[in-house]
Amino acid sequence: MALTGVEIFKLLPKTNCKKCGHPTCLAFAMKLAQRQASLDACPDVSEEAKKILGEASAPPVRPITLGVGEKAVKMGEETVLFRHDKKFVNPCAFAVEIKDTDEEANVVKTIEAVLDSEIDRVGQKLRVDAIFISNESNDAGALESLSKLVSQKAPDVPVIISTKDPAAAEAALKIFAEKKPILFGANSENLDAMAKVATQFKVTLGITAKGLEELTTLTEKAKSLGVEDMVIDSGARKAKEILEDNTLIRRAAVKKNFKPLGYPVITFAQRDDSMLETLIAALGVAKYSSIIVLSSIEKWKNLALFTLRQNIYTDPQVPMQVEQKIYKIGEPTSDSPLMITTNFSLTYFIVSGEIENSKVPSRLAVMDCEGLSVLTAWAAGKFTAAKIAQFIKESGVENEISHREIIIPGYVAILSGAIEDKLEGWKVTVGPREANALPAFLKSRAS
Amino acid sequence: MAFTPPKESYAGKVYSVTVGTGDTAVTFGGENVLPFHGFEGETPNRPVIAYEIQDVPPSDWPESVQKPFESVSSDPVEWAKFCQDTLKAKAIALRLIGTHPDRENRSAEDAAKTVRDVLSAINVPLIILGSNHAEKDSSVLVAVAEAAKDKNCIIGKAQEANYKTIVAAAMANNHKLIAMSELDINLSKQLNILITQMGFDKEKLVTDPMSSALGYGLEYTYSVMERIRLAALTQNDATMQPPMVADIGMYVWKIKETQAPESDLPQWGSLPERGIAWEAVSAMSFLIAGAELLIMRHPQAVEAVEKFIGEMEG
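None of these values were measured; they are calculated from a predicted model. (Residues numbered from 1 in each chain as written. Chains lettered and ligands numbered in written order. Predicted model: local features only at pLDDT ≥ 70, side-chain atom pairs only at ≥ 80, totals over all residues. Heavy atoms only, no water.)

Draft legend 1. Geometry of the overall build of chain B. Looking only at helices and strands, one finds ten helices and ten strands in chain B. With the C-alpha coordinates aligned to their principal axes, the bounding extent of chain B is approximately 65 × 55 × 35 Å. Buried residues in chain B amount to 62% of all 314 residues. For chain B, the accessible area works out to roughly 11,000 Å², and carbon and sulfur atoms hold 48% of it. (Helix = DSSP H or I, 4+ residues; strand = E, 2+ residues; numbered from the N terminus. Buried < 20%, exposed > 50% of the residue type's maximum accessible area, 1.4 Å probe, protein only. Areas by Shrake-Rupley, 256 points an atom, 1.4 Å probe, with all protein chains shown as cover.)

Okay, here's the thing in structure tokens:
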């Protein structure tokens, strides 16, 4: 169970030495309690205190890193069941399965698809995160040659090696030494040997079980064998089981601080029907999976899954914002209308969507109002005549257009006179209050 | 350490709502746990997907979702029959978009005739939606509620600006009612209270917390739905216990991701699958957040979501 600031304070040296960067030990203790500081910052803490605090302050879901370098993926560290309570911390990773029984040409195609999967969406770079290398053949040589091919074609992409055979695991792990792969496939029959390989290569061990009870037994045993980093699979494959087990695992970890299940969850979403697979993967995104294994990575599917992951893992307390600039919708000419709105992403998406629906090529000036919607930004003094005038002048839009007319949202009609005063030579037109009236408004102007 | 499954039970329960008449009536809601949490409580009814049709040809829908209906969509009656007989729709949602003053501006009498014609051609339950023009809806929905008297339809949507006349019409003609507010749990609660204060039975309400599309505010709808459902279950808040509807098609099929051809955006992949996936993923998200009634457009998206529900129930 988490300790309070005062309980933590009692275990600290109480020297107020400031070496941790905080003015007093009490202040440091408070930060520790809120998980905003790390105990490592204190050079004088006793070993005993470290042990007690370390266990108490560890996040309920153990942090795990897959891969190294720029493409490394962090997972775990989750603290809640519902995203409205607090931001979900580390977005889940998507891994595509490649089997060592697949034709080499198909393997190469899939690797290339992984490398080509990156998409930019609302300023974030999103991609298929990892390759799940599967020892379908049960042959150590086949796994080794597939591992070589992957490491050669995609040296930076994190991998999960899946095998039940400790000897095959060893051979494959040698190829990915220093690259922080995950070794998946420890079960009730091979746990001792797999744990040995995992500790020898210092890799995260993926445990697979039949049900949550067996999973608990296995992770505890692995821990006693010296394995610290694990990802867990309860054996759930059907949607119903995935929801049930993922929910119970997250609850046990977060609400009961039940350590044997406090590890990131790996979910297998593979289906023959790619559309259904998309939905099973989407269930994993929303409901607590940290790694989702897919059988195929079509671009349409990636885009839908990346977008859902972005939506679910957005901080509910911080409004999503888009960049301040003049957005072109359609192919506007110098005569096309110019509208202005704020940079709350939802506002932007809805307004730009309706302009697109109108099929009237336009420019949309999106002003930085710290992610507030039009009315809120106006009430907060961030969407004012002076600021709008300054933004329009500095945007350079005057060089792009031949007219001097700006359309403002109907809700801030009150600003029209003041904007005309500040923007000399400009005409302000009051547009509709709601975005859904924009198509009719724009069409009637165009005709 | 022995593992005890941390199961939860709740004080509250979602009302179950039945629409339609006779053998083809459907019931949704009724659970006393979070969505699909059958492992710890009762989930007696499968969520229902209604096919969206409209009173005027769907010229504003993107081509890929117009196409499955191209031979029938010029006539709402044929369209409804096609959904029922060929697509095996369990319910149909008729949107009277043609009554919107900026569209065809059809009269309330014309809308009532369309409703009568559609009702006489089908036997599955009908959901009747206005054009979302608050003022026009209050006359159109009154006329259609009367035209559909005693057919146990769902009428919608009553909003803060127009709920009084619509509630009275639903009550007088024995219909269920959708109450819609804009992405705010408190507004939603308040509207449900106002409606029940008029004497409308809270067990005949369906809450619409306002839908959205994947990538375009989905997380807002998702979290408002989760919060509404948690309030219903954990706080036993009767004003939050009506089942929820996600009216998805109209949000999904107007965004760029369901319309931009692959030739313009090769990184986005094939357009037909992309559009279907967009509608299906949006629908799946709202199902697990708490929606029991979905209004959707593309037959393949509906099919995928039905398969998903099958796996969740099975």
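Draft legend 2. The arrangement of the overall build of chain A in detail. Each helix and strand counted, chain A has 16 helices and 17 strands in total. Its C-alpha atoms give chain A principal-axis dimensions of about 80 × 65 × 35 Å. Relative to its full complement of 447 residues, chain A shows a buried share of 54%. Considering only residue pairs separated by 6 or more positions, chain A has 67% of its internal contacts joining residues 24 or more positions apart. As presented, chain A carries roughly 19,200 Å² of accessible surface, and 50% of it is formed by carbon and sulfur atoms. (Contact = heavy atoms within 4.5 Å.)

Draft legend 3. Spatial organisation of the nonpolar core. Of all hydrophobic cores here, the largest spans 192 residues; its most connected members are Ile131(A), Leu205(A), Leu177(B), Ile195(B), Leu294(B), Val305(B) and Phe308(B). Counting residues per element, this core draws most heavily on helix H9 (residues 271-289) of chain B, which supplies eleven residues. Here this core spans two domains, since at least three of its residues come from each of domain 2 (64-312) and domain 3 (325-446) of chain A. Among the nonpolar cores identified, the runner-up in size contains 24 residues, and Ala377(A), Ile388(A), Val397(A) and Ile401(A) belong to it. (Core = buried A, V, L, I, M, F, W, Y, C linked by side-chain atoms within 4.5 Å. Domains from an automatic or database assignment.)

Draft legend 4. Focus on the sheet that holds strand S9 (residues 204-208) of chain A. Residue and element names in this part refer to chain A. Pairing is parallel in the open sheet, where eight strands are placed in the order S10-S9-S8-S7-S6-S3-S12-S11. With partners counted over all chains shown, the strands left at the sheet margins are strand S10 (230-233) and strand S11 (266-268), one partner each. Across the sheet, the mean angle separating the axes of adjacent strands is 25 degrees when strand polarity is ignored. Summarising the sheet, strand S6 (residues 130-134) and strand S7 (residues 159-162) pair through four bridges and their orientation is parallel. (Pairing = 2+ DSSP bridges. Axes fitted to C-alpha atoms, helices over the stretch in contact; angles between N-to-C directions.)

Draft legend 5. Quick look at the domain arrangement of chain A. One can read the domain layout of chain A as domain 1 (5-57), domain 2 (64-312) and domain 3 (325-446). Between the C-alpha centres of domain 1 of chain A and domain 2 of chain A the distance comes to 34 Å.

Draft legend 6. How the structure looks around the interface of chain B and chain A. Chain B puts 55 residues into the contact, and the matching count from chain A is 54 residues. Considering only the surface of chain B that becomes buried against chain A, Phe3(B), Gln267(B) and Glu311(B) emerge as the three largest contributors, covering 16% of it. Our count for the chain B to chain A interface comes out at seven salt bridges. For Lys287(A), the salt bridge identified is with Glu226(B), shortest N-O distance 3.3 Å. Across the contact surface, chain B and chain A share 15 residue pairs in polar contact (both at pLDDT 80 or more). Counting only elements with at least two residues in the side of chain B that touches chain A, the list comes to helix H7 (218-234), H9 and helix H10 (299-313) of chain B. Of the residues forming the side of chain B that touches chain A, the biggest block, ten residues, is contributed by H9(B). Tallied by class, the residues present in the side of chain B that touches chain A amount to 30 nonpolar, ten polar and 15 charged. (Buried area = accessible area lost by both parts, 1.4 Å probe. Salt bridge = Lys/Arg side-chain N within 4 Å of Asp/Glu carboxyl O. Polar contact = N/O pair within 3.5 Å; in protein donor to acceptor, adjacent residues only side chain to side chain. Nonpolar A, V, L, I, M, F, W, Y, C, P; charged D, E, K, R; others polar.)

Draft legend 7. Examining the packing of aromatic side chains more closely. Across all of its chains, the model carries 15 aromatic pairs over all chains by this definition. Cluster of aromatic residues (ring-pair linked, three or more members): Tyr327(A), Tyr348(A), Phe349(A) and Tyr216(B). We note Lys14(A) situated over the ring of Phe9(A); from NZ or CZ to the ring centre the distance is 5.9 Å. Positioned above the aromatic ring of Phe88(A), the side-chain terminus of Arg250(A) is 5.8 Å from the ring centre. (Phe/Tyr/Trp six-rings, centres within 6.5 Å; stacked < 30°, edge-to-face > 60°. Lys NZ or Arg CZ within 6 Å of the ring centre and 35° of its normal.)

Draft legend 8. Fine view of the pattern of salt bridges. Per the counting criterion, the structure on display carries 41 salt bridges over all chains. Its salt-bridge partner being Glu354(A), residue Lys254(B) comes within 2.9 Å of it at the nearest N-O pair. Here Lys254(B), found in the loop between helix H8 (249-252) and H9, pairs with Glu354(A), found in helix H12 (residues 345-358), and the two come from separate chains.

Draft legend 9. Structural detail: the side chain of Glu97(A). All names here are of chain A. Examined against the element boundaries, Glu97 turns out to sit in strand S3 (residues 93-99). Look at Glu97: it is buried, it has no salt bridge, and the nearest opposite charge is Lys99 at 4.6 Å. Among the polar contacts made by the side chain of Glu97, one reaches the side chain of Ser134 at a distance of 3.0 Å. Engagement of the side chain of Glu97 in a polar contact is seen with the side chain of Gln270, the distance being 2.8 Å. (Lys, Arg positive; Asp, Glu negative; His and termini not counted.)

Draft legend 10. Looking closely at the pairing of S3(A). Residues and elements named next belong to chain A. Among the seven residues that make up S3, six are buried, leaving the element largely enclosed by the rest of the structure. Pairing of S3 with S6, which is carried by five bridges, proceeds in the parallel orientation. Across the sheet, the residue bridging to Ala95 is Ala130, located in S6.

Draft legend 11. Quick peek at helix H6 (residues 166-175) of chain A. Residues of H6(A) that are buried include every one of Ala168(A), Ala169(A), Ala171(A), Ala172(A) and Leu173(A), and no others. At the N-terminal end of H6(A), a side-chain oxygen is found 2.9 Å from the backbone nitrogen of Ala167(A), two or three residues along, and the residue is Asp165(A).

Draft legend 12. Molecular detail of the environment of Met367(A). Residues and elements named next belong to chain A. Relative to the elements of secondary structure, Met367 occurs in strand S15 (residues 362-367). Residue class for Met367 comes out buried when judged on its relative accessible area of 3%. Excluding residues that lie within four positions of it along the chain, Met367 makes contacts with Gln324, Ile340, Thr341, Thr342, Asn343, Lys382, Phe383, Lys387, Ile388 and Phe391.

Draft legend 13. Quick peek at a nonpolar patch on the surface. On the surface, Leu375(A), Trp378(A), Tyr411(A) and Ile414(A) cluster together into a nonpolar patch covering about 380 Å² of accessible area. Looking at the secondary structure, you find Trp378(A) in helix H13 (residues 374-379). (Patch = residues over 30% accessible without salt bridge, like charges linked within 9 Å, V, L, I, M, F, W, Y side chains within 5 Å.)

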